[in-house]
Amino acid sequence: MSERLGCITCDATYDIGKVRYTCDCGGLIEVQRGGPILHRDTFEARRMSRHPNDQSGVWRFREAVLGVAPNTIVTHPEGGTRLYLRNGIYFKHEGENPTGSFKDRGMTVAVTQAVALRVRAIACASTGNTSASLAAYAAQAGIPAVVFVPAGKVASGKLAQTLAYGARCLQVRGDFDAAMRLVREACDKLGIYLVNSINPFRIEGQKTIIWEMLQDLQWEPPDWIVVPAGNLGNTSAFGKALKEAFVNGWIPKIPRLASIQAHGANPFFRGYQESFATRHRMSAETIASAIRIGDPVSWDKAVTAIRDTHGVVEEVTDDEIMAAKRTIDGLGIGCEPASAATLAGVRKLRAAGAMKDGERIVCILTGHILKDPEANYRPENVMEIDATIGAVEKSLSS
Ligand code: F0G
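Remember, predicted model here, so these are calculated numbers, not experimental data.

**Some points on the sheet that holds strand 6 (residues 122–125)**
Step number 1: In spatial order, the strands read 8-7-6-9; together these four strands make up an open sheet with parallel pairing. Of all the strands in the sheet, just strand 8 (168–172) and strand 9 (193–194) have a single pairing partner and so form its edges.
Step number 2: Relative to strand 9, strand 6 is paired through two bridges, and the arrangement is parallel. Bridge assignment links alanine 123 to a residue of strand 9, and that residue is leucine 194.

**What to know about empty space enclosed by the protein**
Step number 1: Under the counting rule described, the total for this entry stands at one cavity of 30 Å³ or more.
Step number 2: Considered as a void within the structure, the largest cavity measures approximately 320 Å³ in volume.
Step number 3: Lining the largest cavity are 28 residues, and of these Phe102, Lys103, Asn231, Ala290 and Ile291 sit closest to its centre.
Step number 4: Of all elements in the fold, only helix 4 (129–141), helix 7 (200–216) and helix 8 (233–247) reach the threshold of two or more residues within the lining of the largest cavity.

**Describing the side chain of glutamate 336**
Step number 1: Relative to the assigned elements, glutamate 336 resides in the loop between helix 11 (318–330) and helix 12 (337–351).
Step number 2: Owing to a relative accessible area of 2%, glutamate 336 belongs among the buried residues under this scheme.
Step number 3: Only 2.8 Å separates the side chain of glutamate 336 from the side chain of asparagine 129, close enough to count as a polar contact.
Step number 4: The residues contacting glutamate 336, other than those within four sequence positions of it, are Asn129, Lys158, Ala290, Lys325, Gly367, His368, Ile369, Lys371 and Asp372.

**A look at the environment of cysteine 363**
Step number 1: Position of cysteine 363 among the secondary structure elements: in strand 13 (residues 361–365).
Step number 2: Those residues within four positions of cysteine 363 in sequence are excluded, and the remaining contacts are Ile89, Tyr90, Phe91, Lys92, Val226, Thr342, Leu343 and Val346.

**Brief notes about the site of the ligand**
Step number 1: Near the ligand there are 21 residues, and of these Ser126, Thr130, Gly230, Asn231 and Thr366 occur at the shortest range.
Step number 2: Within the contact set of the ligand, an oxygen atom lies 2.7 Å away from a side-chain nitrogen or oxygen of serine 126.
Step number 3: Taking threonine 127, its main chain carries an N or O atom lying 2.8 Å from an oxygen atom of the ligand.
Step number 4: Here the ligand, which alone exposes 480 Å², has 99% of that area covered by the protein.
Step number 5: Here the ligand is seated within the largest cavity.
Step number 6: Elements that contribute at least two residues to the shell around the ligand include exactly helix 4 and helix 8.

**Observations concerning the layout of surface pockets**
Step number 1: Here the largest pocket defines a volume of roughly 560 Å³.
Step number 2: Considering the residues around the largest pocket, the lining is formed by 25 residues, among which Glu30, Val31, Lys240, Lys243 and Glu244 are closest to the centre.
Step number 3: Residue assignment for the lining of the largest pocket shows that the elements contributing at least two residues are strand 3 (29–33), helix 8 and helix 10 (299–308).
Step number 4: If you tally residues by element for the lining of the largest pocket, the top one is helix 8, at six residues.
Step number 5: When its residues are assigned to classes, the lining of the largest pocket shows ten nonpolar, seven polar and eight charged.
Step number 6: The computed volume of the second largest pocket comes to approximately 190 Å³.
Step number 7: Taken together, 14 residues make up the lining of the second largest pocket; nearest its centre are Arg184, Ile198, Arg279, Asp295 and Val297.
Step number 8: Broken down by element, the residue count for the lining of the second largest pocket peaks at four residues, all from helix 6 (residues 176–190).
Step number 9: In terms of residue class, the lining of the second largest pocket is made up of four nonpolar, three polar and seven charged.

**Description of the pattern of salt bridges**
Step number 1: Taken as a whole and judged by the stated rule, the model has 26 salt bridges.
Step number 2: Glutamate 212 serves as the salt-bridge partner of lysine 92, at 2.7 Å between the closest nitrogen and oxygen. Placement of lysine 92 in strand 5 (residues 89–93) and of glutamate 212 in helix 7 is noted, with a sequence separation of 120 residues between them. Side by side, lysine 92 and glutamate 212 carry an identical accessibility label, which is buried.
Step number 3: Across the pair arginine 105 and glutamate 94 runs a salt bridge, and its minimum N-O distance is 2.6 Å. A residue pair is termed long-range when its members are at least 10 positions apart, and arginine 105 in helix 3 (residues 103–117) and glutamate 94 in the loop between strand 5 and helix 3 qualify at eleven residues. Of the two residues, arginine 105 and glutamate 94, both sit in the buried class.
Step number 4: Salt bridges linked by common partners bring Glu3, Arg33, Glu204, Lys207, Lys240 and Glu244 together as one network.

Thresholds applied
- Residues numbered from 1 in each chain as written.
- Predicted model: local features only at pLDDT ≥ 70, side-chain atom pairs only at ≥ 80, totals over all residues.
- Heavy atoms only, no water.
- Pairing = 2+ DSSP bridges.
- Helix = DSSP H or I, 4+ residues; strand = E, 2+ residues; numbered from the N terminus.
- 1 Å grid on protein atoms, 1.4 Å probe; cavity = no way out; pocket = protein on both sides within 12 Å on 5 of 7 lines; lining within 4 Å.
- Points joined across faces, edges and corners; volume = space filled by probe spheres on them.
- Buried < 20%, exposed > 50% of the residue type's maximum accessible area, 1.4 Å probe, protein only.
- Polar contact = N/O pair within 3.5 Å; in protein donor to acceptor, adjacent residues only side chain to side chain.
- Contact = heavy atoms within 4.5 Å.
- Near = heavy atom within 4 Å.
- Areas by Shrake-Rupley, 256 points an atom, 1.4 Å probe, with all protein chains shown as cover.
- Sits in = over half its atoms within 2 Å of the grid points.
- Nonpolar A, V, L, I, M, F, W, Y, C, P; charged D, E, K, R; others polar.
- Salt bridge = Lys/Arg side-chain N within 4 Å of Asp/Glu carboxyl O.

Rendered as structure tokens:
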């Protein structure tokens, strides 16, 4: 299997072992792969295996993810997340990954590549989930980790987790976009390996969310795949995954992507409304702190993904997000606020007639319910009482 880095804007290519996030022309870099068509039966057989590389929902698809020696793979293993059918909608819960978010799928690949490159340290900017995932995989690989987070803007579960795994945490005075600019400069200057989703190996891992879901649906694609959109890594990865699944003959048709943004952090939605004529940047604000992002790095890849899948971009308000979260939590599944943007988006797209009755829909829940404890508190269900049976009876009768 021949793999190389290629620019998505011009024809430039680079050796797979080069550290490259953008091309000399400024375009984003992706992993490109030649070689024979892969048969999906290969992945079925691995589901019966006990080997960690086969049990991983990422490395089960390894020929289409990254060609490395099997004994150099840094895997928990990750993936293998469930698909829940509730009230006629599928929910694939990526919060069931080892560190509680979909980020582990990209991180296992980026950190495996970091080991191959013998880097001295790895870094990311993060709204909290990438940093927790990076910290865990760096700890496993024995590589020092540095995370750049917007000071005071990260949900407590994510920050605690990042620190527990032993990463050094730089709290940047500014928003996520400022932290992102700073980590890019720092990595270039200090020779640190950057593992945000601008790193093409992250995208290769995140493709497997789609492939695992398709495998669980016995390769009968749904009509829609709905995903929250922040830095646009997942939207980009999903477009690439669907194209590759189609080209390899794993699926007979390409489902439509629906990328959902929070109204206060909606540059991609604004771009979509004008057929992506201009790239929008903004100062972002939303209760869904994971997607509080105003200048997404994977913009150009995500535009291709929306175009290639005949996809849509929608926006939802914070109230719509929290109402959808309450529904998902009330199903006994639960998720962090950003993930609930999916169901909120489905509600809006159905009301507008863009999604039709009877269409099969898969929502990707990106993060675990405990990631953002503040968003879970329901004071109306809490009552402090005296330790008497009378107090119990009184509280339950009201
Ligand atoms: N959902 C969750 C729970 C996230 O943590 C993120 C991104 C997204 C959705 C958006 O995904 O960036 O691929 O469009 N979190 C990043 C982080 C920014 O630092 O953890 P995207």
